[in-house]
Amino acid sequence: MSPPSPNEWIRQQSRELLQTRVFDVRATEFRHPSREEGKEFLVIDAPDWAVVAPVTSQGELVLVRQFRFGVQKMSLELPGGVIEHGEEPTAGAVREMVEETGYRGAKAEVLGWVHPNPAIQSNRAHLIVVPDAQLVGSTAWDPDEELSLTLAPIDEVMEMGRSGKITHALMLNMLFLLEPWWRQRAREKGTI
């Protein structure tokens, strides 16, 4: 006999605790259906994000290295950022890619989306690939961005993810979805 399914909690009231440029924090009361009293939980409301995999015609990924304040270290990542209000995920991904790398490519393809941390966050991260990426212009970084670019073969980047050289969870999500896309593309070209 299987255990009973978990219950969905019922949302009660909510109040904003903090409003920032990047996200808002609210305290929301939820009540379990079998309990009279509710319990307050903190939720981070952030806009959706885009993570983009620029793939060159040579089968390389365009990666960025930047300092991340949360871990206080350099991080090797794919380009990405906040999707502006009303912006389509693919448009946001391409905009971020161009701003951070100066690369453009063929039509952007949505591989999927994930909840970055559903325990405390309400947003999604859209995972988008841009094939045939090539350098076409200069970068336009935000005032606090300072990036270096690296090109690496996709298989090498996959190994970096498996070996712990890439630690950003959203990048690992992207690599998880990118690998079958890349294998299918290679089969169609007859390179594997």
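Residues numbered from 1 in each chain as written. Predicted model: local features only at pLDDT ≥ 70, side-chain atom pairs only at ≥ 80, totals over all residues. Heavy atoms only, no water.

**Section: the environment of Pro153**
Here Pro153 shows up in strand β12 (residues 148–153). As a C-alpha pair, Pro153 and Pro118 span 35 residues in sequence and 32 Å in three-dimensional space. (Helix = DSSP H or I, 4+ residues; strand = E, 2+ residues; numbered from the N terminus.)

**A look at the nonpolar core**
Ranked by size, the top nonpolar core spans 24 residues in total, and within it Leu61, Leu78, Val157 and Leu178 carry the most contacts. Listing elements by their share of this core, those giving two or more residues are β4 (49–54), β5 (60–68), β10 (125–130), α2 (154–163) and α3 (169–189). Per-element tally for this core: the top contributor is α3, with seven residues. Of all hydrophobic cores here, the second largest spans eight residues; its members include Ala50, Met97, Ala108 and Val130. (Core = buried A, V, L, I, M, F, W, Y, C linked by side-chain atoms within 4.5 Å. Buried < 20%, exposed > 50% of the residue type's maximum accessible area, 1.4 Å probe, protein only.)

**A word on the packing of aromatic side chains**
Evaluated as defined, the whole model comprises three aromatic pairs. Aromatic pair Trp9 and Phe41: ring centres 5.7 Å apart, planes at 85°, arrangement edge-to-face. With Trp9 in the segment before β1 (10–19) and Phe41 in strand β3 (residues 39–45), this pair connects stretches of sequence that are 32 residues apart. Overall, Phe41 belongs to the partly exposed group, its relative accessible area being 33%. Geometrically, the ring pair formed by Phe30 and Phe41 is edge-to-face, given 6.2 Å between the ring centres and 65° between the ring planes. Highlighted residues: Phe30 in strand β2 (residues 24–31) and Phe41 in strand β3, separated in sequence by 11 residues. In this structure Phe30 comes out as partly exposed when scored by relative accessible area, which is 21%. One aromatic cluster is present, built from ring pairs that chain together Trp9, Phe30 and Phe41. In this structure, Arg124 packs its charged tip against the face of Trp113, placed 3.8 Å from the ring centre. (Phe/Tyr/Trp six-rings, centres within 6.5 Å; stacked < 30°, edge-to-face > 60°. Lys NZ or Arg CZ within 6 Å of the ring centre and 35° of its normal.)

**With respect to the sheet that holds strand β9 (residues 109–114)**
With mixed pairing, the four strands of this open sheet are ordered in space as β7-β4-β10-β9. A single partner strand is all that each edge strand has here, and the edge strands are β7 (80–82) and β9. Taken pair by pair, the neighbouring strands of this sheet meet at an average axis angle of 20°, ignoring direction. Where β4 meets β10, six bridges bridge the pair, whose relative direction is parallel. Residue pairing across strands places Ala50 opposite His126, the latter belonging to β10. (Pairing = 2+ DSSP bridges. Axes fitted to C-alpha atoms, helices over the stretch in contact; angles between N-to-C directions.)

**Things to note about the pattern of salt bridges**
Applying the stated criterion to the full structure yields 11 salt bridges. Among the ionic pairs, Asp132 bridges to Arg185, the shortest N-O distance being 3.2 Å. Linking Asp132 in the loop between β10 and β11 (134–135) with Arg185 in helix α3, this pair joins segments that are 53 residues apart in sequence. Here Asp132 falls in the partly exposed class, since its relative accessible area comes to 32%. Overall, the relative accessible area of 18% leaves Arg185 in the buried class. The partner of Arg183 in a salt bridge is Asp155, with the nearest N and O atoms 3.0 Å apart. (Salt bridge = Lys/Arg side-chain N within 4 Å of Asp/Glu carboxyl O.)

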